[in-house]
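Topology and contacts: notes
The lines below spell out each chain.
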Amino acid sequence: MIEAKKVFEEFQKHRGDSIVHVQGTSGHHWKEISTNPNKDITLGSAMGQSTSAVFGLALGLENEKVVHFDTEGALLMNLGVLASIANKKPKNFIHFLLDNECYATTGGQPVPNHEEIDYAMMAKGAGYPTTYNFTDLEELSIHLEEIMDSEGPVFVAVKTKPEIENLPMGLREKRKARTRLETINDLRRTLNIS
Amino acid sequence: MSDQSAILRPETLLDEFKKIGVTHIITIPDSETNYLYELMEQQDWLDVIPVSREGESMATALGLNVAGKTPVVLIQNTGMLESGDSIRGMALDIGFPLLMIVGYRGWTRKGKTPDSAAIYTEPFLNAFRINYYLVEQNEDGARISEAYEESVATKQPVVVLIGDEYHGFNR
C-alpha cells in the first residue's frame, strides 16, 4: 500500500495543465502539493456522485485534460458510472481510484469484500480501454507519464494506506479550504467560461 | 372529467430544447420516451448522454453546467424518487439552473391512480421545494421554455412533468 500523499507528490510532476478533482479523506494532501489551485475543483456533495460530475465536466471541456481522484467507497455507491463513462469514452478523462479498502472517514470500517475486489478489472469490463493496478509507488511513478499521455478514459487503481479519522466530527481538525462554489468560480474565471 | 384526447408529440419537446439552446440531454430511456430518444439521437446539435442510474444525471448536468453548457435531465418519476441525495447535493445546493423533464408514470386526469410512483411524485417535489409544470399535450409545450427560464432566473432546478396519459412517445 502507498501513502496517498506520495501518490499526489508523484502525480504533481506529471500534472501539466490538467484540471484536477480530488475527494476522500486523504484528498486534503493535494491542496498542499498542487501548484495550480485555480485548476483544482471540488464538485462533490452527494454520495458517490462526484465521479458523474467530473465526467460531465470532461464532456463539456473537451480541450482540457480532466483528472479525477476517486475513492473506492464512493465508486461502490455509483458503480454504473463506469459504464456511463465507458459509453462516451471521453478522451480527456483520467480516472484514478485511491483504494484504502475502508471507510476512513467513519472510523475505518472495511468496504464490502475489500480484500478481493478488483476495481481495474471492473473498469475494464465496463469498457474502459486502458486500465492499471498499482500497489507499489515505484511502479506507479514509472507509468505516470504514460498514463497522462494516454487517450482516455484511463482507469488507474492504486492501493493506498488508510488515514482513519475516528474522532467525533465536532472534534476533528478544521482544514481551511475554498468552498465548492469558489473552486467552480475560480476554474470558470481561469478558463473564461461565462 | 374527460380522458386526455390531445396528443403530445416528441417533436414538441425537441422544438423546445432547440429554442432553449440545450446542448446535452442526460437520460435513462423509459418505455414512454423511446421515440423521443431515437429522435434526439438524430440531431447533430444535441449530445445524448445515457447514464446508468438517475442519480448520475443531476451530477453529470452539474459538470456540464460548470463547463458552460446547457444540459437537460430527462428521466422518469421513479428514477427521480431514487435521486433525492443527488438532487439535494448536485442541484439544489449549488446554484446552477437545471431543467428536469420527468415522465409522470401513473399520472391520470381522473385524479386517482393505483400507481404509487404517481402518488408520491408531487409530494416529493413539494418536500424538496422544487417548482414544477405539467405538460400534457402539444399546446402545453411552451411551458418547457417557461420552466427553463424560471430555472435560469432562480438558479435552481425546475421540473416539467410529462403527463401523457395514453399516447406515450413510442409510436
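Structure report, in brief. Only a predicted model underlies this, so the values are computations on that prediction, with no experimental measurement involved.

Bringing the pattern of salt bridges into the picture now. The final tally for this structure, using the stated rule, is 18 salt bridges over all chains. One salt bridge connects Lys 39 of chain A with Glu 64 of chain A, and the closest N-O pair in it is separated by 2.6 Å. One end of the pair, Lys 39 of chain A, is in the loop between helix 2 (28-33) and strand 2 (40-41); the other, Glu 64 of chain A, is in the loop between helix 3 (50-60) and strand 3 (66-71), with 25 residues separating them in the sequence. Across the pair, exposure class does not vary: Lys 39 of chain A and Glu 64 of chain A are buried alike. Between Asp 93 of chain B and Arg 88 of chain B there is a salt bridge, with its nearest N and O atoms 3.3 Å apart.

With that out of the way, let us pick up the pairing of strand 3 of chain A. Residue and element names in this part refer to chain A. Counting buried residues along strand 3, 6 of its 6 residues qualify, which places the element largely inside the surrounding structure. Of the two faces of strand 3, the one lined by Val 66, His 68 and Asp 70 and the one lined by Val 67, Phe 69 and Thr 71 are each fully buried. Note: strand 1 (residues 19-22) against strand 3, 4 bridges, orientation parallel. Bridge pairing in strand 3 links Ile 19 to Val 66. Two strands pair when backbone bridges link them, and strand 3 and strand 4 (residues 93-99) are joined in this way by 6 bridges, in the parallel orientation. If you follow Asp 70 over to strand 4, its bridge partner there is Leu 97.

Take the packing of aromatic side chains next. Residue and element names in this part refer to chain A. What the rule picks out here adds up to 10 aromatic pairs over all chains. Centroid distance Phe 11 to Trp 30: 5.5 Å. Interplanar angle 55°. Geometry classified as tilted. Here Phe 11 is found in helix 1 (residues 4-12), whereas its partner Trp 30 is found in helix 2, with 19 residues between them in sequence. Judged by its relative accessible area of 1%, Phe 11 falls in the buried class. A residue is classified by how much of its surface remains accessible, and Trp 30, at 3% relative accessible area, is buried.

What follows concerns the sheet that holds strand 3 of chain A. Spatial ordering of the open sheet is given by 2-1-3-4-8-7 (chain A), a layout of 6 strands whose pairing is parallel. For this open sheet the edge positions go to strand 2 and strand 7 (130-134) of chain A, each flanked by a neighbour on one side alone.

This brings us to the packing of helix 3 of chain A against helix 3 (residues 54-66) of chain B. Relative to each other, helix 3 of chain A and helix 3 of chain B sit at 40°, their axes nearing to 6 Å. Of the possible angle classes, the one that applies to helix 3 of chain A and helix 3 of chain B is oblique. Seen along the crossing, helix 3 of chain A lies across helix 3 of chain B with a hand that is right-handed. Packed against helix 3 of chain A, whose contacting residues are Ser 52, Ala 53, Phe 55, Gly 56, Leu 57, Leu 59 and Gly 60 of chain A, the element helix 3 of chain B presents Glu 56, Ala 59, Thr 60, Gly 63, Leu 64 and Val 66 of chain B at the interface.

Rules of the game
- Throughout this description, residue numbers start from 1 for each chain and increase along the sequence as written.
- To read the labels, note that chains go from A and ligands from 1, taken in the order they are written.
- This being a predicted model, a pLDDT of at least 70 is required before a residue's local features are given, and a value of 80 or more before pairs of side-chain atoms are given or counted; all residues contribute to the totals for chains, interfaces and linings.
- Neither water nor hydrogens contribute to the side-chain values; these are computed over all heavy atoms in the structure.
- When a carboxyl oxygen of Asp or Glu is within 4 Å of a side-chain nitrogen of Lys or Arg, the pair counts as a salt bridge.
- In DSSP terms, a helix is any run of H or I states spanning at least four residues, a strand is any run of E spanning at least two, and both are numbered starting from the N terminus.
- Here's how the labels work: a residue is buried when its accessible area is under 20% of the maximum for its type, exposed when over 50%, partly exposed in between, all with a 1.4 Å probe on protein chains only.
- Pairs of strands are assigned from DSSP output, requiring at least two bridges between the strands.
- By convention, a stacked pair of Phe, Tyr or Trp rings (six-membered ring in the case of Trp) has centres within 6.5 Å and planes under 30 degrees apart, an edge-to-face pair has planes over 60 apart, and any other such pair is tilted.
- Axis definition: a line fitted to C-alpha atoms, limited for helices to the stretch in contact. Angles are taken between N-to-C directions and run from 0 to 180 degrees.
- Angles below 35 degrees are treated as roughly parallel, those above 145 as roughly antiparallel, those between 65 and 115 as roughly perpendicular, and all remaining angles as oblique.
- Helix crossings fall into two classes, left-handed where the near helix is turned counterclockwise from the far one by less than a right angle and right-handed where it is turned clockwise.
- The contact criterion used is simple: two residues touch if any of their non-hydrogen atoms lie within 4.5 Å.

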